[in-house]
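Summary of structural features
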Amino acid sequence: MNAMTTSWIDVGAVTDVPPRGSRVVKEAGGDIAVFRTANDRIFALRDRCPHLGGPLSQGIVHDTGVTCPLHNWVIDLETGQARGADEGCAGVIPARIEDGRIHLLLDREG
Amino acid sequence: MTQKLVVIGNGMAAGRMLEHLTEQAPDAYSITVFGAEPRVNYNRILLSPVLSGEKTFDEIVTHDDAWYAARGITLVKGGEITAIDRAARTVTARDGGVTPYDRLVVATGSMPFIVPVPGHKLPGVVAYRDLDDVNAMLAAAENGGRAVVIGGGLLGLEAAAGLRMRGMAVTVLHLMPTLMERQLDTAAGYLLQQAMEARGIDVICRANTHSILGEDHVTGVRLDDGTEIAADIVVMAVGIRPNAALAKSAGLAVNRGLLVDDHMRTDDPSIHAVGECVEHRGQCYGLVAPLFEMAKVLAAQLAGDATAAYEGSVTSTKLKVTGVDLFSAGDFAEGEGREEIVLRDAARGVYKRLVIKDDRIVGAVMYGETADGGWFFDLLRKATPIADMRDTLIFGQSFAGGAKLDPMAAVAALPDEAEICGCNGVCKGKITATIADKGLTTLDQVRAHTKASASCGSCTGLVEQLMALTLGDGFTRNAVQPVCACTDLGHDDVRRLIVAKGLKSVPAVMQELEWKTSCGCAKCRPALNYYLVAAWPGDYADDYQSRFVNERVHANIQKDGTYSVVPRMWGGVTNAAELRAIADVVDKFQIPSVKMTGGQRVDLLGVRKEDLPAVWADLNAAGLVSGHAYGKALRTVKTCVGSEWCRFGTQDSTGLGIRLEKIMWGSWTPAKVKLGVSGCPRNCAEATCKDIGVICVDSGYDVHFAGAAGLEIKGTEVLGHADTEDEAVEIILALTQAYREQARYLERIYKWAARVGLDAIRAQIMDDVEQRRLLAARFLFSQQFSQTDPWAERVAGLHAHEFRPMAHFEPREAAE
Ligand code: SRM
Ligand SMILES: Cc1cc2nc3c(=O)[nH]c(=O)nc-3n(C[C@H](O)[C@H](O)[C@H](O)COP(=O)(O)OP(=O)(O)OC[C@H]3O[C@@H](n4cnc5c(N)ncnc54)[C@H](O)[C@@H]3O)c2cc1C
Ligand code: SF4
Ligand code: FES
């Protein structure tokens, strides 16, 4: 039987994601939204708003937050938590940049 | 019989005098005012904010036409008086008209002084005195280029800062070693020069102008030392002279200015004078506070109070350049028997200096922090002995043995007689009492009832603090609703500043307007992007990351993350080929739902984002383009069958609807725009609940607007009647453009109309035919850049990353 392990996976170049924008990574565990901020920081969240499952990758990215396109909840990119009075969390996927490439820490079947 | 009062000059002094007079003795005179300027009375000291773009001319008008009408005053605009015949008691205007008077008031203000160097008459040399000068400067600034301002005093620096904000390269030439040397000492003058230079304004002191260069227009300025500075415009702001020539030629006693006694009377008992044109006890003034005091005295005199007297004024100065805080009052020269107290805080750029003589403040200069200016000025004017507070005096009034009190406490601590508004001489007690007596709740009301903050506006902060103190929670500062939490500015200010400062990108707006967040939020970014799109057609690169997802991917997002696709059906008309293409697309992409919309077209719902470009490619092939069902843009134009088929149809409503949709599609608007065109008043296209509606009638077209049938229900208002289809189209395009230029983001037409007034809109579109033509032309100009089908662009590959995942890992697939 295969065991589950986590490892850093290269999902693409920083420049594949537009600044103040997002791209989707499709993966067995569900869609992941990868965000790039105005100053080139990279974050990744599960692409499901904690409110009613809106695709966060389609929202407007500002500072280190994204506003969900369905009902305007603002989700913090660093923590995945809803900001302000709203409560809920979109799962955070650890992300790092190496040599201009984005790596996500993902579960893999080894 | 009522006496005839004639006033020559319609400036600030005359305006204020008339206010007092018509309040105290409304029926005493039949009044005629001659103003050489072709306009109503305005607040001259706010010309600088108009120049810089921080205010519009309308905002600085003090008395509009209705004001004169309500008081029965005849205002002759553009009516320059060329002669006074004292024997016959008449005045003669430039057009030859002769008007008799029983009493005459001369209020001709002053003339800018023009240094008579060679070239001073060249086109492109302007003074800085009235709206015409501002317009001349604005016209020059339109092409960018370079400006030279001669004179580093109050006016010169305000002109320089304004022209700089309008995007010109600006050099200030000043004869003396430091700027504003008559109001500031050298230390403050130096700080001021640094602040101007930090704005990108070049300052050259000790600059003696030799000549102005140019053949048929200014090209530059040469200094005595041979330096040449290129210039497209030269502003002369070296000083003013009382404008007393007319009085002098009438034989009145004139020295530097027209001589008046304490009753504001000249040496002719039936002629009075007021304002900058006069000389009183050897003094001529150049600021409004003394003139307002004179105006009050003269009004009382004319109203019959023979005792009213003016005894001269001590003045203080503030510079109205946003971001530069500067205050000066009294005499701050060094001298025998004078001591000074100085405070410097280099880190904060603060400098304060008090000059003391015989235990009294005789002069004050403050730079960088001026909140205590009014208090020092008060001590100075009242000659209050300061020995008791000498040690802490320089720290200001709120100093209480250590930590600085918060500004509210400082205002609370002010005595009732402390002067808050220097221009109008309004003290604290008057403001708080009026707020309480009259139940005032807004700044505008306080301005109207007390005049405080109504002139140069630099005391607005203090007045607001007083309101907060008096009203507690009942006061909401700043009736302007900010765009969002990222800024304190309201939508209108942001729009105006974008244009005024020539800001052409979202980051530039945020930088220049001091956004409080690093890159805005989902509320302000789409608004700013729209304002930029509307302000700079063809010149602004859309910031698509600032658009809501629907406008980014040109489809409507659905609750499950899929999208809907709505092609345009011009005027609701379709044909077999289009329907067949739609049917094929539905089959090919297995689109789950097809629905007729409320807007006379077909909605394909549940399309996967990845499929959008391919769906569009097939629709495009059949000639179908985006219906912008997702945009703050032109949506649908509903029509009925009209005269082509219907037995009641009066005009071709279908044809007009299609024509309008073809001209207007693709235009971005503050909120969505929907049209309806009905062929007769039976109104089958429901035109009278649309943003813009047309009801065809036998005699032509009734154009309606400002309807609503969504969150609110509201029938339209009539905008006007058009005899021809062309005229109806022009009216609709002009209306749409006015809406595009004036409404706030997300404000539908009916909300905009409710805010600015139906009549104000009718006046622009229906009454002013020239304005209508220009608006329509601007609409058509911007359409050149917006009528590319966004679907076709994306089929061709634009923003391809939007429609593709960045990576796709199937289960069990290797990390590669
Ligand atoms: C499809 C349609 C309903 C239908 O099945 O008929 C529809 C669907 C939506 N309307 Fe509508 N409206 C549709 C006609 C209308 C009409 C009727 C009309 O246009 O004649 C109205 C009333 C008139 C009006 O505009 O005021 C209408 C008033 C609204 C409103 C309220 C707007 C308001 O200011 O009061 C909203 C909410 C909003 O815009 O904020 C709205 C918002 C929406 C949105 C965009 C909700 C959203 O943000 O996702 C729906 C998108 C569905 C989609 O993906 O296509 N829809 N909507 C109609 C599309 C017309 C078209 O061909 O483009
Ligand atoms: C750009 C600018 C900024 C200023 N900023 C400040 C400030 O911050 N604080 C401050 O206290 N003061 C300021 N001032 C000064 C202030 O505007 C004047 O003190 C004030 O306007 C003088 O009022 P007045 O009525 O005497 O003259 P004006 O307001 O000049 O009015 C005189 C009017 O008479 C008209 N006139 C002249 N001759 C005739 C004639 N023969 N027939 C008919 N009409 C005639 C003129 O066209 C003019 O409209 C500023 C001035 C300018 C130009
Ligand atoms: S009325 Fe309009 S917004 Fe409301 S559910 Fe129907 S389509 Fe959606
Ligand atoms: S689903 Fe995100 S705000 Fe409602």
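With that out of the way, let us pick up unusual backbone geometry. Residues and elements named next belong to chain B. Located in the positive-phi region is His554, a residue other than glycine, with phi close to 55 degrees. Taking the relative accessible area as the measure of exposure, His554 reaches 5% and is therefore buried. Positive phi is not limited to glycine here, since Gln600 has a value of about 60 degrees. For Gln600, the location among the structural elements is in the loop between β32 (593-596) and β33 (602-607). Given the relative accessible area of 26%, Gln600 is considered partly exposed.

What follows is about the interface of chain B and chain A. With 33 residues of chain B at the interface, the matching set in chain A holds 32 residues. Between chain B and chain A lies a buried interface of about 2600 Å² when both sides are counted; carbon and sulfur atoms form 59% of it. Three residues stand out in chain B for area buried against chain A, namely B:Gln545, B:Met806 and B:Phe809, and they jointly supply 29% of the buried area on that side. Our count for the contact surface shared by chain B and chain A stands at one salt bridge. Of the charged contacts, one joins B:Asp543 and A:Arg20 as a salt bridge, the two residues approaching to 2.5 Å between their closest N and O atoms.

Before going further, it helps to examine the side chain of B:Thr562. All names here are of chain B. Summarising the element assignment, Thr562 is placed in the loop between β30 (556-557) and β31 (563-565). The class of Thr562 is buried, set by a relative accessible area of 14%. Once residues within four sequence positions are removed from consideration, Thr562 is found in contact with Asn556, Ile557, Gly606 and Val607.

Residue and element names in this part refer to chain B. For helix α10 (residues 373-382), the tally of buried residues reaches seven of 10 residues, placing the bulk of the element in the interior. Here α10 has its buried residues at Gly373, Trp375, Phe376, Phe377, Asp378, Leu379 and Leu380. Where α10 is buried, its residues touch β23 (316-318), β24 (326-330), β26 (350-357), β27 (360-367) and β28 (419-421). Within two residues after α10, Ala383 carries a phi angle of roughly 50 degrees, on the positive side.

Time to look at helix α23 (residues 749-756) of chain B. Residues and elements named next belong to chain B. Among all positions of α23, only Ile749, Tyr750, Trp752 and Ala753 are buried. Buried residues of α23, seen end-on, are gathered within an arc of 160 degrees and therefore sit on one face of the element. Immediately beyond the C-terminal end of α23, within one or two residues, lies Gly757, with a positive phi of roughly 100 degrees.

Before going further, it helps to spend a moment on the environment of B:Ala541. All names here are of chain B. Relative to the helices and strands, Ala541 is located in the loop between α17 (524-535) and α18 (549-553). We classify Ala541 as exposed; its relative accessible area is 63%. Taking C-alpha positions, Ala541 is 9.4 Å from Asn529, a pair spaced 12 residues apart along the chain.

Assignment of secondary structure puts A:His103 in strand β10 (residues 101-109). Beyond its immediate stretch of four places on either side in the chain, A:His103 contacts A:Trp8, A:Ile9, A:Asp10, A:Pro94, A:Ala95, A:Arg96 and A:Glu98.

What follows covers the pairing of strand β4 (residues 42-46) of chain A. As a general feature of sheets, a regular strand has side chains that alternate between the two faces. Residue and element names in this part refer to chain A. Counting buried positions over the five residues of β4 gives four, a clear majority of the element. Across five bridges, strand β3 (residues 32-36) lies against β4 in antiparallel orientation. Counterpart to Ala33 in the pairing with β4 is Leu45. Here β3 hands over to β4 after five residues, with Asp40 in that stretch at a positive phi of 65 degrees.

On to the sheet that holds strand β13 (residues 169-173) of chain B. Residue and element names in this part refer to chain B. Strand order in the open sheet made by the five strands is β11-β18-β12-β13-β14, with parallel pairing throughout. Looking at the sheet topology across the chains shown, the edges are occupied by β11 (125-127) and β14 (201-204). Each adjacent strand pair in this sheet contributes to an overall mean axis angle of 20 degrees, direction not counted. For β11 and strand β18 (residues 233-236), the ladder comprises three bridges, and the chain directions are parallel. Across the sheet, the residue bridging to Ala127 is Met236, located in β18.

Before going further, it helps to spend a moment on the site of ligand 1. Residue and element names in this part refer to chain B. In the neighbourhood of ligand 1, 19 residues make up the surrounding shell, with Gln558, Thr597, Gly598, Lys672 and Lys674 lying closest. A distance of 2.8 Å separates an oxygen atom of ligand 1 from a polar side-chain atom of Lys595. Between ligand 1 and Lys690 there is a distance of 3.3 Å, counted from an oxygen atom to a side-chain nitrogen or oxygen. Across the shell around ligand 1, the residue classes break down as three nonpolar, eight polar and eight charged.

For the rest of this paragraph, the subject is the pairing of β13(B). All names here are of chain B. Most of β13 is tucked away, with four of its five residues classed as buried. In this structure, strand β12 (residues 146-150) lies alongside β13, joined through five bridges in parallel fashion. Counterpart to Ile150 in the pairing with β13 is Leu173. In this region the chain leaves β12, passes through helix α6 (residues 154-165) and returns to the parallel neighbour β13; the handedness of that crossover is right-handed. Here β13 runs beside β14; their pairing, made up of four bridges, is parallel. Considered in β14, the bridge of Leu173 is made with Ile204. Assessed by its sense of winding, the connection that carries the chain from β13 through helix α7 (residues 186-198) to β14 is right-handed.

Our next topic: the sheet that holds strand β9 (residues 103-106) of chain B. Residue and element names in this part refer to chain B. Ordered in space as β5-β2-β1-β9-β21, the five strands form an open sheet in which the pairing is parallel. If you trace the sheet from one side to the other, it starts and ends with β5 (74-77) and β21 (271-273), each paired once. This sheet shows a mean twist of 15 degrees between the axes of neighbouring strands, independent of strand direction. Here β9 runs beside β21; their pairing, made up of three bridges, is parallel. By the bridge assignment, Val106 is partnered in β21 with Ala273. Against the sheet, helix α1 (residues 12-24) touches β1 (3-8), β2 (29-35) and β9, its axis set at about 170 degrees to β2. Against the sheet, helix α9 (residues 288-302) engages β1, β2, β9 and β21, with an angle of about 175 degrees to β9.

As a further point, take the packing of aromatic side chains. To describe a pair of aromatic rings, one takes the distance between the centres and the angle between the planes. By the definition in use, this model includes 11 aromatic pairs over all chains. Note on B:Tyr739 and B:Trp752: the rings are 5.6 Å apart at their centroids and 55 degrees apart in plane angle, and the pair reads as tilted. Taken together, the residues B:Tyr739 in helix α22 (residues 725-742) and B:Trp752 in helix α23 connect sequence positions 13 residues apart. For the pair formed by B:Tyr739 and B:Trp752, the shared burial category is buried. Three or more aromatic residues joined by ring pairs make a cluster, and in this case those are B:Tyr530, B:Tyr531 and B:Tyr745. Geometry around A:Trp8 places A:Arg96 over its ring, the cationic atom sitting 4.1 Å from the centre.

Residues and elements named next belong to chain B. In total, this model carries 51 salt bridges over all chains according to the counting rule given. Of the charged contacts, one joins Glu59 and Arg496 as a salt bridge, the two residues approaching to 3.3 Å between their closest N and O atoms. Of this pair, Glu59 sits in helix α3 (residues 57-60) while Arg496 sits in helix α15 (residues 491-500), placing them 437 residues apart in sequence. In this structure Arg496 comes out as partly exposed when scored by relative accessible area, which is 22%. Here Asp261 ties to Arg265 by a salt bridge, and the two come within 3.9 Å at their closest N and O atoms. The structure contains a network of salt bridges with shared partners spanning Glu37, Arg39, Arg44 and Asp132.

Parameters at a glance
Residues numbered from 1 in each chain as written. Chains lettered and ligands numbered in written order. Predicted model: local features only at pLDDT ≥ 70, side-chain atom pairs only at ≥ 80, totals over all residues. Heavy atoms only, no water. Buried < 20%, exposed > 50% of the residue type's maximum accessible area, 1.4 Å probe, protein only. Helix = DSSP H or I, 4+ residues; strand = E, 2+ residues; numbered from the N terminus. Contact = heavy atoms within 4.5 Å. Buried area = accessible area lost by both parts, 1.4 Å probe. Salt bridge = Lys/Arg side-chain N within 4 Å of Asp/Glu carboxyl O. Arc of directions from axis to C-beta. Pairing = 2+ DSSP bridges. Axes fitted to C-alpha atoms, helices over the stretch in contact; angles between N-to-C directions. Near = heavy atom within 4 Å. Polar contact = N/O pair within 3.5 Å; in protein donor to acceptor, adjacent residues only side chain to side chain. Nonpolar A, V, L, I, M, F, W, Y, C, P; charged D, E, K, R; others polar. Right-handed = clockwise from strand over helix to strand, strands pointing away. Phe/Tyr/Trp six-rings, centres within 6.5 Å; stacked < 30°, edge-to-face > 60°. Lys NZ or Arg CZ within 6 Å of the ring centre and 35° of its normal.

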